[in-house]
Amino acid sequence: METEVEKLKIVYITPSIYLAGGVERVLTTKVNYLAAQSDKFDVTIILTDGAGKVPFYKLHDNVKVINLEIGFEQLWELSFFRKIPVYLRKQRLYKQRLSNELMRLKPNITISTLRREINFLCDIRDGSIKVGEMHVNRQNYRNFEAGESNRIKRLFAKWWMWHLVTKLKRLDKVVVLTDEDMQSWNDLPNVCVIPNPLPAIPIKQSNLKEKRIIAVGRYTYQKGFDLLLQAWSRVEMELPNWRLSIFGSGDRTPYQQLACDLRIDDRRLELCEATDNIEEEFLHSSIFVFSSRFEGFGMALLEAMSYGLPSISFDCPCGPKDIINNGVDGILVKNGDALALAQEITLLARDPEKMKLLSNNSIQTAQNYDIKVIGKQWEDLFNRLLFTH
């Protein structure tokens, strides 16, 4: 008589899943892939925030969600010094409640998105293998917006990195997103690389007919839209029939003012809010520009490539150089060089044959990041960890 194979219990720990963020989307993609294999995996997500709020991205019916109702979101409203006693109180409560849940669930593998639980996760004796997945690069782990940083915060960031490394060394494995970032964690003996996945490879791709350039991301210093607008102020004079559309959440006011200062034609520039149908916008564009100063990976770039968009990206840390083979499936530009970015946009828009070549190759590159491919890498990691545990 054939015995039933016991399911592998996987627990993911993350703050919340109700926001339309990159971590939330990637996590949902991965847990849905595992949960769909109901004969092999039992998947649970443990949250600290967003109690009662609906997940932004649809979860598979097999995924169980537990909210510990810690409410770290309250810290957002407090000053730096007032945060300390509130944080310590909530952190004690978090350790108690998470410990109780892991002892009850007895998972085989616990995966942390490396937030507040990294301080005590390895002290919980639930018997599970502990894995951390990094969603930002090391260089910018404690990055502050331009003009926001001060001496106390910089000292805190330095101390926190030392503290973080000591905690990461205790994990069974730390997963980073790029080979480039892995090199920066040379003080960790337990690092491996698994990139972020695409939920699926799109059936439709852009026909490259519309003279429209698109960019996607939050309106923040990190995303470099100020540099993109500087580049566009030159491009629009060279390409009179083209227009630029930017989609993202956040305060657009500084960028609207910058566009005005640069005397950009507002009839050919769209500073749009975030959309829940970015796929349609990709299909009605012909070039994607990725102007970030730094990244953890670069999901927007990869998604644009999956829709066949010829892409031009700053060679920022970390992600673009791992994704793009320069001149083959995209174009890399010196990080922060707005003039070089303008030149590459202009040259590409005037070369339909190169656009088509980059488009075809980018679709092929994107297939390497399909969830079926990346999901198998995670399964292989689970099996190796279980074998050596």
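Residues numbered from 1 in each chain as written. Predicted model: local features only at pLDDT ≥ 70, side-chain atom pairs only at ≥ 80, totals over all residues. Heavy atoms only, no water.

Undergrad: Looking at this structure, how should I read the sheet that holds strand β13 (residues 331-333)?
TA: Strands pair in a sheet through their backbones, by hydrogen bonds, and they do so in one of two ways: parallel or antiparallel. Taken together, the six strands give an open sheet; going across it, the order is β10-β9-β8-β11-β12-β13, and neighbouring strands pair in parallel fashion. The open sheet has two edge strands with one neighbour each: β10 (269-272) and β13. Going across the sheet, the axis of each strand differs from the next one's by a mean of 20°, ignoring polarity. Pairing geometry for strand β11 (residues 287-290) and strand β12 (residues 311-314), over three bridges, is parallel. (Pairing = 2+ DSSP bridges. Helix = DSSP H or I, 4+ residues; strand = E, 2+ residues; numbered from the N terminus. Axes fitted to C-alpha atoms, helices over the stretch in contact; angles between N-to-C directions.)

Undergrad: Looking at this structure, I do not really get the sheet that holds strand β3 (residues 64-67). What am I missing?
TA: The strand order across the open sheet formed by seven strands is β3-β2-β1-β4-β5-β6-β7, and the pairing between neighbours is parallel. Both edges of this open sheet fall to β3 and β7 (191-193), since each of them pairs with a single strand only. Averaged over all neighbouring strand pairs, the angle between strand axes comes to 25°, with direction disregarded. Across three bridges, strand β5 (residues 129-133) lies against strand β6 (residues 173-176) in parallel orientation. Within β6, the position partnered with Val131 by the bridge is Lys173.

Undergrad: Just to check I follow, could you spell out empty space enclosed by the protein for this structure?
TA: Which parts of space are left empty comes out when a probe the size of a water molecule is rolled across the atoms. Taken as a whole and assessed by the stated rule, the structure comprises three cavities of 30 Å³ or more. Of the voids in this model, the largest cavity is the one considered here, and its volume is about 50 Å³. Lining of the largest cavity is provided by Lys30, Glu133, Met134, His135, Val175, Leu177, Ile194, Pro195, Asn196 and Trp378. For the lining of the largest cavity, the residue count by class is six nonpolar, two polar and two charged. (1 Å grid on protein atoms, 1.4 Å probe; cavity = no way out; pocket = protein on both sides within 12 Å on 5 of 7 lines; lining within 4 Å. Points joined across faces, edges and corners; volume = space filled by probe spheres on them. Nonpolar A, V, L, I, M, F, W, Y, C, P; charged D, E, K, R; others polar.)

Any functional reading would require information that these geometric values do not contain.
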